[in-house]
Amino acid sequence: MFGVIAVLAALQVAYGCSGDSFSATSYTTTNLPLATETAIIVEFTADCPDSKLAAVIGDEVLPVYTAGDSNMVTLVKDHASLPSNSYNVDIYDEAGIVAFKNHAKDASVEAPKPIKTITVNHPGVSKEGLPIQTEFIVMVASLLVWWGANSIKAKIFGINSTIIHNEQYLYPMF
């Protein structure tokens, strides 16, 4: 019996995940007008052959999605639920997430150590750019150009800016 346990432990060490082989990048939502919710996205590569990974952000257990050699975990909540802060993303393998869930249910159970902890700095969301929308600025500029061109046209043709009651100006012929 002891031999079987030793072999299983050796296989876990040989084929399990180690925190040394991780590299991670992260993205968080920062632009308030373009997003209705805050997203925290962490993409990482890990040398974890044939193991299902899970992540914990705060107290929320999230699945880790695998695409080729890279893994990704995503958390999306409203802006008030994810204020500016540093968030720890704890990565667990199958055995680790089971131990984490047991620890969450019963605090007397020892908390497992994650394979890797990735720290994501979320600066918060803010309104970036000008206080006036650029569409409004373009509209005002185009109206000013139109007004200026119309004023110059009126001076060239000698048209008074007052209301003209002559029929030739009411129904122009082209």
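Residues numbered from 1 in each chain as written. Predicted model: local features only at pLDDT ≥ 70, side-chain atom pairs only at ≥ 80, totals over all residues. Heavy atoms only, no water.

**A short note on the overall build of the protein chain**
Each helix and strand counted, the protein chain has four helices and eight strands in total. N-terminal to C-terminal, the α/β element order of the protein chain is α-β-β-β-β-β-β-β-α-β-α-α. Put simply, the protein chain has 174 residues, and 25% of those count as buried. For the protein chain, restricting intrachain contacts to residue pairs at least 6 apart in sequence, the fraction spanning at least 24 positions comes to 67%. Accessible surface, the protein chain as shown: approximately 12800 Å² in total, 60% of it carbon and sulfur. (Helix = DSSP H or I, 4+ residues; strand = E, 2+ residues; numbered from the N terminus. Buried < 20%, exposed > 50% of the residue type's maximum accessible area, 1.4 Å probe, protein only. Contact = heavy atoms within 4.5 Å. Areas by Shrake-Rupley, 256 points an atom, 1.4 Å probe, with all protein chains shown as cover.)

**Let's talk about helix H3 (residues 134-157)**
With 24 residues, H3 extends 35 Å from end C-alpha to end C-alpha; this agrees with the ideal 34 Å at 1.5 Å per step. The first or second residue beyond H3 is Gly158, which carries a positive phi of 70°. (Expected span 1.5 Å × (residues − 1).)

**Thoughts on the pairing of strand E6 (residues 70-78)**
The pairing of strand E2 (residues 37-45) with E6 spans nine bridges and is antiparallel. Looking at E6, one finds that Ile40 is bridged to Leu75. Examined bridge by bridge, strand E5 (residues 65-67) and E6 share three bridges and lie antiparallel to one another. Bridge pairing in E6 places Ala67 opposite Ser70. What sits between E5 and E6 in their antiparallel hairpin is a turn of two residues, with Gly68 showing a positive phi close to 70°. (Pairing = 2+ DSSP bridges.)

**Re the sheet that holds strand E4 (residues 60-63)**
Read across the sheet, four strands follow the order E4-E3-E7-E8 without closing on themselves; strand pairing throughout is antiparallel. A single partner strand is all that each edge strand has here, and the edge strands are E4 and strand E8 (116-122). Neighbour-to-neighbour, the strand axes of the sheet open up by a mean angle of 30°, direction not taken into account. Where strand E3 (residues 54-57) and strand E7 (residues 85-92) come together, four bridges link them in antiparallel fashion. (Axes fitted to C-alpha atoms, helices over the stretch in contact; angles between N-to-C directions.)

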